[in-house]
Amino acid sequence: MHVRFDAERRLKIDDGGIVMIDTYLALRADHFIGNGRSNVFAMIAVMKDWAPGGCTLIGRSMLLERNLHIYQIPTFANSRDGS
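It should be emphasised that the depicted structure is a prediction, and the values quoted were computed from it without experimental measurement.

1. Side note on the pairing of strand 3 (residues 32-35)
Then, number 1: Of the two faces of strand 3, the one holding F32 and G34 is buried and the one holding I33 and N35 is not buried anywhere.
Then, number 2: Handedness of the crossover is the feature at issue here: the chain leaves strand 3, passes through helix 2 (residues 39-47), returns alongside strand 4 (residues 55-58), and the resulting connection is right-handed.

Written as C-alpha cells, this is what we have:
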C-alpha cells in the first residue's frame, strides 16, 4: 500500500490501499453483499465466520470454480513462425 500526499497536502492512497480499507470495513460489518465474480468480495465471504444470512454473494463465488486454463500445457503447434 502506498500512501502519499498531493500538492495540496491531501492524503492519497493507491488502488491497493483502497481495496484493503474496503476489505477491513466489510469484515467489521454485520452484513455484507458483494459480487461473487470479484476476487475481493469472494475472499471477504470466506475471511469471516458470518452469521447465517450475514453474507450474500450475488452470483456464484469464483472460488468454487476450477480454472482449467492453468493446467493447459503450452504447445508450439499454434506458434506464428510454424517451428
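Next comes the rest of the write-up.
2. Quick look at helix 2
Then, number 1: Of the positions making up helix 2, those classed as buried are A42, I44 and A45. Looking straight down helix 2, one finds its buried side chains confined to an arc of 155°; they lie on one side. Residues of helix 2 that are exposed and angled more than 90 degrees away from the buried face: N39 and V46.
Then, number 2: On the buried face of helix 2, the contacting elements are helix 1 (15-28), strand 3 and strand 4.

3. Re the pattern of salt bridges
Then, number 1: What the rule picks out here adds up to two salt bridges.
Then, number 2: Among the ionic pairs, E65 bridges to R37, the shortest N-O distance being 2.8 Å. Placement of E65 in the segment after strand 4 and of R37 in the loop between strand 3 and helix 2 is noted, with a sequence separation of 28 residues between them.
Then, number 3: For R37, a relative accessible area of 45% translates into the label partly exposed.

4. Section: the packing of helix 1 against helix 2
To characterise two packed helices, one gives the angle between the axes of the helices and the distance between these axes.
Then, number 1: Look at helix 1 against helix 2: their axes get within 10 Å of each other, and the N-to-C directions meet at 35°. For the pair helix 1 and helix 2, the crossing hand works out as right-handed. Along its contact with helix 1, which presents V19, T23, A26 and L27, the element helix 2 presents V40, I44 and M47.
Then, number 2: Across the contact of helix 1 with helix 2, the residue classes tally to six nonpolar, one polar and no charged.

5. A look at the side chain of S61
Then, number 1: Along the chain, S61 turns up in the segment after strand 4.
Then, number 2: Classification of S61 by relative accessible area gives buried; the value is 11%.
Then, number 3: Setting aside residues no more than four positions away along its own chain, S61 makes contact with G36 and A42.

6. Description of the packing of aromatic side chains
Then, number 1: Tallying each qualifying case throughout the model produces two aromatic pairs.
Then, number 2: Taken together, F32, F41 and W50 form an aromatic cluster joined through their ring pairs.

Reading the values: the criteria
- Residues numbered from 1 in each chain as written.
- Predicted model: local features only at pLDDT ≥ 70, side-chain atom pairs only at ≥ 80, totals over all residues.
- Heavy atoms only, no water.
- Buried < 20%, exposed > 50% of the residue type's maximum accessible area, 1.4 Å probe, protein only.
- Helix = DSSP H or I, 4+ residues; strand = E, 2+ residues; numbered from the N terminus.
- Right-handed = clockwise from strand over helix to strand, strands pointing away.
- Arc of directions from axis to C-beta.
- Contact = heavy atoms within 4.5 Å.
- Salt bridge = Lys/Arg side-chain N within 4 Å of Asp/Glu carboxyl O.
- Axes fitted to C-alpha atoms, helices over the stretch in contact; angles between N-to-C directions.
- Left-handed = near helix turned anticlockwise from the far one by under 90°.
- Nonpolar A, V, L, I, M, F, W, Y, C, P; charged D, E, K, R; others polar.
- Phe/Tyr/Trp six-rings, centres within 6.5 Å; stacked < 30°, edge-to-face > 60°.

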